[in-house]
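Overview (structure and organization)
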2 protein chains.
Amino acid sequence: MIKFNEQAKIDSVNGALALRPHINEIIDEICKAGYTNICWLGIGGTWASGMQATIHMKEMSAIETWAENAAEYLTTGNKRIGEGTIVVLSSVTGNTKEVVDAVKKCKEAGAKVIAFLDYDKAALLDLVDYSIVYPVNEQLKFFMVADRFMFNNGEFADYEDMYKEFEQHLAAALVEVEKKAEPFAMEYAKKHCDDEIHYFVGAGNQWGATYSYAMCTWEEQLWIKTKSISAPEFFHGMFEIVTKHTPVTVYVGEDAQRPLSERVVKFIPNICENYTIVDTKDYELKGISEKYRRHISHLVLRCINNRVDVHMEIETRHPMDIRRYYRRLDY
Amino acid sequence: MIKFNEQAKIDSVNGALALRPHINEIIDEICKAGYTNICWLGIGGTWASGMQATIHMKEMSAIETWAENAAEYLTTGNKRIGEGTIVVLSSVTGNTKEVVDAVKKCKEAGAKVIAFLDYDKAALLDLVDYSIVYPVNEQLKFFMVADRFMFNNGEFADYEDMYKEFEQHLAAALVEVEKKAEPFAMEYAKKHCDDEIHYFVGAGNQWGATYSYAMCTWEEQLWIKTKSISAPEFFHGMFEIVTKHTPVTVYVGEDAQRPLSERVVKFIPNICENYTIVDTKDYELKGISEKYRRHISHLVLRCINNRVDVHMEIETRHPMDIRRYYRRLDY
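Fair warning: this is a prediction, and the values are worked out from it, not measured in the lab. All residue numbers refer to position in the chain's written sequence, counted from 1. Key to labels: chains lettered from A, ligands numbered from 1, both in the order written. In keeping with the predicted nature of the model, local features appear solely for residues at pLDDT of at least 70, side-chain atom pairs appear and are counted solely at 80 or more, and the whole-chain, interface and lining totals rest on all residues. Heavy atoms from the whole structure form the basis of all side-chain values; hydrogens and water molecules are not counted.

The next point concerns the packing of aromatic side chains. Classification of ring pairs uses Phe, Tyr and Trp, with its six-membered ring standing for Trp, and accepts pairs whose centres are within 6.5 Å; under 30 degrees between planes counts as stacked, over 60 as edge-to-face, and the remaining range as tilted. All chains considered together, the criterion is met by 50 aromatic pairs over all chains. Aromatic pair Tyr213(A) and Trp218(A): ring centres 6.4 Å apart, planes at 65 degrees, arrangement edge-to-face. In this structure, Tyr213(A) and Trp218(A) share a single accessibility class: buried. Aromatic pair Tyr163(B) and Phe166(B): ring centres 5.4 Å apart, planes at 75 degrees, arrangement edge-to-face. Of the two residues, Tyr163(B) and Phe166(B) are both situated in helix 7 (residues 159-192); the distance of three residues between them amounts to about one turn of the helix. Given a relative accessible area of 1%, Tyr163(B) falls into the buried group. Partly exposed describes any residue whose relative accessible area lies between the buried limit of under 20% and the exposed limit of over 50%, with all areas from a 1.4 Å probe on protein chains only and scaled to the type maximum. For Phe166(B), a relative accessible area of 2% corresponds to the buried category. Taken together, the aromatic side chains of Phe184(A), Tyr188(A), Phe200(A), Tyr213(A), Trp218(A) and Tyr251(A) make up a single cluster linked through ring pairs. Any Lys NZ or Arg CZ that is within 6 Å of a ring centre and within 35 degrees of that ring's normal is treated as a charge sitting over the ring. We note Lys180(A) situated over the ring of Tyr283(A); from NZ or CZ to the ring centre the distance is 5.2 Å. Secondary structure elements follow DSSP: runs of H or I of four or more residues count as helices, runs of E of two or more count as strands, with numbering from the N terminus.

Dropping the structure here:
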């Protein structure tokens with residue numbers, strides 16, 4: 001397998017999981033002091049990760065929480081953000097303009113800010129209350145924060161047991177997903193590298209990933225047109241443009257919204273021949289209990305798409321690092 | 001102008017505005033009894049209208065409020081919905097399965113439900129606490145509810161004055177918008193009737209309208225592919241696929257997020273020749289004060305697109321009533 005450093009991948013996930021004691025110190029301190037709500041702040045892909053954390057929490061928790069788009073906060077504002085608000089964000093560069101400005105505004109409103117940054121040289125470092133520097137694994141970082149808040153709120157009895165399993169088995173299970181996905185990814189990339197437009201359908205904690213994968217990977221990095229649509233919304237208008245040859249990929253996860261994606265899976269063969277189903281249930285995850293799979297099916301999808309990306313880059317002959325406009329032009 | 005019954009349009013808006021005393025009775029009774037949060041429930045286009053009401057309230061209010069997708073509520077659930085929650089919905093048919101089931105679940109959770117229905121024969125009629133039967137004008141109905149809640153919460157000092165202006169001038173101002181939009185709509189429809197795909201960009205209280213216009217009108221009713229993207233997100237990946245000939249329409253409203261759309265307007269000529277700017281500021285709205293325009297710029301956009309629809313139906317030779325799948329197949 002090309003572009004596949006198994007040990008580096010295992011180390012990356014285990015390193016992220018090893019952040020948990022430090023994360024818990026922060027969250028426990030916040031819970032002791034008291035808080036009113038939790039806001040996941042971002043823009044583009046990081047906003048989408050916030051959507052994933054939000055839907056994950058909604059399934060289990062009564063805590064007020066939502067994903068806030070940084071640019072919308074800077075214009076519309078949000079009076080729910082103030083004293084007692086915990087703002088959580090992740091930023092690769094740590095200097096995305098909208099996010100830096102939004103953090104300043106959150107701080108002025110009295111909120112506390114936790115930032116995950118990929119590098120220790122970031123404009124955000126001096127602005128936030130708590131910062132954790134570690135590369136990639138954005139969703140895992142967010143879910144560790146969410147899970148600790150829910151555990152402390154008495155909403156997650158299995159918390160310790162689940163993370164024990166993750167620490168023992170998750171990293172190895174995820175690299176096995178990549179290996180198993182390899183032949184699929186090769187075939188899929190060959191089939192879809194010349195698509196004029198590609199449709200991605202997702203639901204639940206995979207919806208944010210579906211939205212950002214379509215936009216941040218295929219549009220931004222591969223220059224292929226896409227539309228992402230949530231599984232329930234597929235039936236409320238969008239599906240009218242799907243016919244026999246329309247390329248549609250349906251992501252099926254394992255959280256509470258699984259039936260919404262399954263509904264699309266059941267329907268789509270009636271109107272389309274050019275569809276692909278990516279169901280995380282087809283991947284083993286050795287050592288992970290059935291009941292915890294719902295919490296990580298978005299990570300399984302990420303691993304499958306890691307392999308798709310490698311082969312799309314080859315089949316399209318489009319190096320994924322090049323950009324036409326992003327951070328190249330003034331806007 | 002074809003398909004344009006001026007008096008019927010004026011009567012429709014004035015009839016909707018005349019619902020306000022009845023709406024206020026309901027809201028005042030709720031405010032007197034107390035409530036904890038406001039949930040706009042819908043799916044597809046009605047969920048999008050809920051997004052518009054939410055962003056409208058966020059700009060002015062500290063009340064907890066959000067748009068809930070009915071299918072997501074039925075699967076993921078939402079522990080914020082319970083005793084003290086006020087659920088507001090609008091349904092043309094009143095029998096959309098997801099919405100009917102979600103209302104039952106909201107009621108079981110202890111919430112109170114206000115339903116706007118277009119017809120008085122609807123499955124929802126017997127399920128809800130308050131129902132108001134009057135056709136179309138969905139956003140206006142929602143905003144009247146939102147505005148009364150905010151007025152009662154001391155967040156909308158100009159409320160009475162604004163609605164006095166609306167009752168005197170809004171209906172006439174909106175038909176003038178349609179008349180002024182007519183030549184633009186004819187030209188735009190001729191230019192874009194054969195588009196392979198069309199991009200729609202919007203922000204603020206127009207974002208929900210942008211999302212649903214792309215999906216519920218162009219995709220569902222005209223069978224033309226679209227992608228809708230919010231103005232801030234345009235710069236976070238999607239714009240990489242825009243080149244000289246890509247058809248892009250940018251909607252510019254007048255609420256707090258106007259600068260986000262203006263940013264796209266300023267940038268797009270650098271990379272694209274086939275763009276259209278629809279700015280509600282270009283329409284007069286006689287009798288409406290400058291400071292109230294932000295509350296209705298989404299209605300101005302609706303009027304402009306009413307004329308676009310008429311001409312798209314002609315230019316595409318695609319009767320907008322026909323559906324391939326929606327409510328025709330089992331799914």
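It is worth spelling out the relation of the copies chain B and chain A at this point. For the pair chain B and chain A, the superposition axis carries a translation of 0.0 Å, the fit reaches an RMSD of 0.0 Å, and the rotation angle comes to 180 degrees. Both chain copies can therefore be described as sitting about a two-fold axis. Of every C-alpha in chain B, the one belonging to Lys227(B) sits nearest the axis of rotation, 3.0 Å from it. Interface overlap between copies is the fraction of interface residues in one copy that are interface residues in the other; for chain B against chain A it reaches 100%, indicating a shared surface. Each copy is superposed on the other by least squares, with the fit set by C-alpha atoms of residues at a pLDDT of at least 70 in both. A contact between two residues is defined here by any heavy atoms of the two lying within 4.5 Å.

Looking now at the pairing of strand 2 (residues 65-69) of chain B. Residues and elements named next belong to chain B. Most of strand 2 sits out of view: four of its five residues are buried. We call two strands paired when DSSP finds no fewer than two bridges between them. Of the strand pairs in this sheet, strand 1 (residues 37-42) and strand 2 are connected by five bridges, and their pairing is parallel. Paired with Ile38 across the bridge in strand 2 is Thr65. Crossover handedness is defined here as right-handed if the route from the first strand over the helix to the second strand goes clockwise, with the strands pointing away from the viewer. Each parallel crossover has a hand, and the one from strand 1 via helix 3 (residues 45-60) to strand 2 is right-handed.

Now for the side chain of Thr96(B). Structurally, the position occupied by Thr96(B) is in the loop between strand 3 (85-91) and helix 5 (97-109). Here Thr96(B) falls in the buried class, since its relative accessible area comes to 12%. Setting aside residues up to four positions removed in sequence, Thr96(B) forms contacts with His236(A), Ile43(B), Ser91(B) and Arg327(B).

This next bit is on the sheet that holds strand 6 (residues 197-202) of chain B. All names here are of chain B. Spatially, four strands are ordered 7-6-8-9 in an open sheet, and the strand pairing comes out parallel. Since the sheet does not close on itself, it has two edges, and those belong to strand 7 (225-230) and strand 9 (275-279), each with one partner. Pairwise comparison of adjacent strand axes, ignoring direction, gives a mean angle of 20 degrees for this sheet. The pairing of strand 6 with strand 7 spans six bridges and is classified as parallel. Paired with Val201 across the bridge in strand 7 is Ile229. Fitting a line to C-alpha atoms yields each axis, with helices limited to the stretch in contact; the angle taken between N-to-C directions then spans 0 to 180 degrees.

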